[in-house]
Amino acid sequence: MLNAHGCGGDCTDPNFDNGRWPRDKVLELFNLPFNDLLWQAQQVHRQHWDANEVEHATLLSVKTGGCEEDCGYCPQAARYDTGVTASKLMSPEQVREAVVAAKEAGASRFCMGAAWRAPKDRDIEKVAELIGVIKDEGLEACCTLGMLTDTQAQSLKDAGLDYYNHNLDTAPELYGDIITTRDMQDRLDTLAHVRSASIKVCSGGIVGMGETREGRAGLIAQLANLPTFPESVPINDLVRVPGTPLADTPPLDPLEFVRTIAVARITMPTARVRLSAGRQQMPESVQALCFLAGANSIFYGDKLLTTGNPEVERDRQLMNKLGLRSGKAVTARVQAG
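In this text the structure is predicted, and so the values were computed from the model without any measurement. Note that residues are indexed from 1 along each chain, following the sequence as it is written. Note on the predicted model: pLDDT of at least 70 is required for a residue's local features to be given, and 80 or more for side-chain atom pairs to be given and counted; whole-chain, interface and lining totals, by contrast, use all residues. The side-chain values count all of the structure's non-hydrogen atoms but skip hydrogen atoms and water molecules.

(A) Inspection of the overall build of the protein chain at higher detail. Numbered from the N terminus, helices here are DSSP runs of H or I no shorter than four residues, and strands are runs of E no shorter than two. A count of helical and extended segments in the protein chain gives 12 helices and 12 strands. Exposed residues in this analysis have more than 50% of their type's maximum accessible area, buried residues have under 20%, and partly exposed residues fall in between, with area computed by a 1.4 Å probe over protein chains only. Every one of the 337 residues in the protein chain was classed for burial, and the buried ones make up 58%. Note on contacts: a residue pair qualifies if any of its non-hydrogen atoms lie within 4.5 Å across the two residues. At a minimum sequence separation of 6, the contacts of the protein chain that also span at least 24 residues come to 75%. To be clear on the numbers: accessible area is Shrake-Rupley with a 1.4 Å probe, and residue cover counts the displayed protein chains and nothing else. Carbon and sulfur atoms form 49% of the exposed surface of the protein chain, whose accessible area is close to 13700 Å².

(B) Examining a positive patch on the surface more closely. Together, K88, K120, R122 and K126 give the surface a local cluster of positive charge. Taking the relative accessible area as the measure of exposure, K126 reaches 48% and is therefore partly exposed. Surface patches are defined over residues having more than 30% relative accessible area and no salt bridge, joining like charges when they lie within 9 Å and nonpolar side chains (Val, Leu, Ile, Met, Phe, Trp, Tyr) when within 5 Å. One speaks of a salt bridge when a side-chain nitrogen belonging to Lys or Arg is within 4 Å of a carboxyl oxygen belonging to Asp or Glu. By the counting scheme adopted, Arg and Lys are positive, Glu and Asp are negative, and His together with the chain ends is not counted. Think of each charge as sitting on NZ of Lys, CZ of Arg, CG of Asp or CD of Glu.

(C) Geometry of the pattern of salt bridges. Taken as a whole, this structure holds 16 salt bridges when the rule is applied. Residues E140 and R109 are paired through a salt bridge, measuring 3.2 Å at the closest nitrogen-oxygen approach. Of this pair, E140 sits in strand 3 (residues 140–144) while R109 sits in strand 2 (residues 109–114), and the two are 31 residues apart along the sequence. Exposure remark for E140: the relative accessible area of 16% places this residue in the buried category. Within this structure, E55, R109, E140 and R274 form a network of salt bridges that share partners.

(D) Fine view of helix 10 (residues 284–292). Those residues of helix 10 lying buried are V286, Q287, C290 and F291. Projected onto a plane normal to the axis of helix 10, the buried residues spread over an arc of 145° and lie on a single side. Those residues of helix 10 that are buried lie in contact with helix 2 (34–48), strand 1 (53–63), helix 9 (254–267), strand 8 (272–275), strand 9 (297–299) and helix 11 (312–322). Throughout, the arc means that of the directions going from the helix axis to the C-beta atoms.

(E) Expanded view of the packing of aromatic side chains. Pairs were defined over the aromatic rings of Phe, Tyr and Trp, the Trp ring being its six-membered one, requiring ring centres within 6.5 Å. Orientation was assigned from the angle between planes: stacked under 30 degrees, edge-to-face over 60, tilted for the rest. Within the structure shown, the criterion is met by 0 aromatic pairs. Any Lys NZ or Arg CZ found within 6 Å of a ring centre and within 35 degrees of that ring's normal is scored as a charge over the ring. For R109, the ring lying beneath its charged end belongs to Y163, and the centroid distance is 3.7 Å.

(F) Structural context of unusual backbone geometry. Even without being a glycine, D169 presents a positive backbone phi close to 75°. Its place among the elements puts D169 in the loop between strand 4 (163–165) and helix 6 (175–178). A positive phi angle, close to 65°, is found at S198, a residue other than glycine. The residue S198 is located in the loop between helix 7 (184–196) and strand 5 (200–202) in this model. The exposed category is assigned to S198, whose relative accessible area is 52%.

(G) Looking closely at the packing of helix 2 against helix 10. An axis is simply a line fitted to the C-alpha atoms; with a helix, the fit covers only the stretch in contact. Between two such axes, the angle follows the N-to-C directions and lies from 0 to 180 degrees. One way to put it is that helix 2 packs onto helix 10 with a least axis distance of 9 Å and a crossing angle of 55°. Viewed along their axes, helix 2 and helix 10 adopt a mutual orientation that is oblique. On helix 10, the residues touching F34, L38 and Q42 of helix 2 are L289, F291 and L292. Residues are grouped as follows: Ala, Val, Leu, Ile, Met, Phe, Trp, Tyr, Cys and Pro are nonpolar; Asp, Glu, Lys and Arg are charged; every other residue, Gly included, is polar. Class assignment of the residues belonging to the contact of helix 2 with helix 10 gives a composition of 5 nonpolar, 1 polar and no charged. Working definition: roughly parallel below 35 degrees, roughly antiparallel above 145 degrees, roughly perpendicular at 65 to 115 degrees, and oblique for all remaining angles.

(H) Representation of the environment of R23 within the structure. Tracing the backbone shows R23 in helix 1 (residues 23–30). Distance in space between the C-alpha atoms of R23 and I220 is 8.5 Å, their sequence separation being 197 residues. Ignoring anything within four residues of it in the chain, the contact list for R23 reads N15, F16, A171, E173, E214, G215, G218 and A221.

(I) Layout of the nonpolar core. In this structure, M112 and L156 are the most contacted members of the largest nonpolar core, which totals 87 residues. The contact partners of L156, leaving out residues within four places of it in the chain, are I124, V127, I131, L145, L148, L161, Y164 and I199. Throughout this description, the term nonpolar core refers to a set of buried Ala, Val, Leu, Ile, Met, Phe, Trp, Tyr and Cys residues connected via side-chain atoms within 4.5 Å. With 7 residues, the next largest nonpolar core counts A57, C111, C142 and Y163 among its residues.

(J) Structural view of the confidence of the model for the protein chain. Averaged over the protein chain, the pLDDT score is 84; the fraction of residues at 70 or greater is 84%. Confidence drops under a pLDDT of 50 for residues 1–11, and excluding neighbours within four residues, the segment shows 36 contacts in the predicted structure. pLDDT expresses how confident the predictor is about each individual residue, on a scale running from 0 to 100. Here residues 329–337 is modelled with pLDDT under 50, and outside its nearest four sequence neighbours on either side it reaches 21 contacts, counting other chains as well.

(K) Highlighting the environment of V95. Examined against the element boundaries, V95 turns out to sit in helix 3 (residues 92–104). For the pair V95 and L60, spaced 35 residues apart in sequence, the C-alpha separation works out to 8.4 Å. Not counting the four nearest positions on each side in its chain, V95 is found in contact with L60, V62, M90, F110, M112, L130 and V133.

This is how it looks when you write it as structure tokens:
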């Protein structure tokens, strides 16, 4: 199992001094002059990826609301009054309709989210059927279902799951300020089960939750120093939902968000770095800087679980302006080679 620092084994090194990216080195990247940071990130990006290709993924909430957790950012927590109505798991027919629409719109990966703290074994059986629907349409399948046991992870692998999303959310020392119904070790245990089942890992975090730059460096260091860093790293800008504890958190400076993308790209060069939640409130200029900083994946569609996302046509127009094209869900060139 991984420990709370994400490095595995008997670790007494909270700053990852013996890791790939010591925390102080990650903070040094954040503190670079903006132009120097983006130049370095762009060089790393071009070494491993087609600089003008962006993966398009679609995210569907297949079971919404009613979650027993107390994540301070989440409108799906049952204890918060956010206007989200709890629903049951969607049927295979409903999911197939969404998968076909996503495929026709150019998505190459289809992600399903369910608001569970941890699914029961009978839930895994139903999700396995939904994974089959995605694979039948020729798309990569990703799920985010909460905490998993080792046997549940293996069942999802057997069903054909390609990726499992389980975000670390924030730096280890800040985790308890955001969530109290689970701890960082629970997150790391699930990632270990996913890895053991040979499922690719999608794991990132949320910035703009009141953390300092050092806190953002702690999040990136945690991800970059996992025994194998994630193949997909979603970076979310907090969506402030009325009714959640973080609803009144001051917005993060947009250029600080771009810095986070750039540092993720440098420290995890062969990962897909996904410009994820919060894009709806980002001007096109900020999104363009994120692509320049090394983001090469977006969620494509009208919604991210329960919050808004730029409409498909707006995304197409932006891609055309920037000369970017939709890329297949493939691994980095060095890995493919």
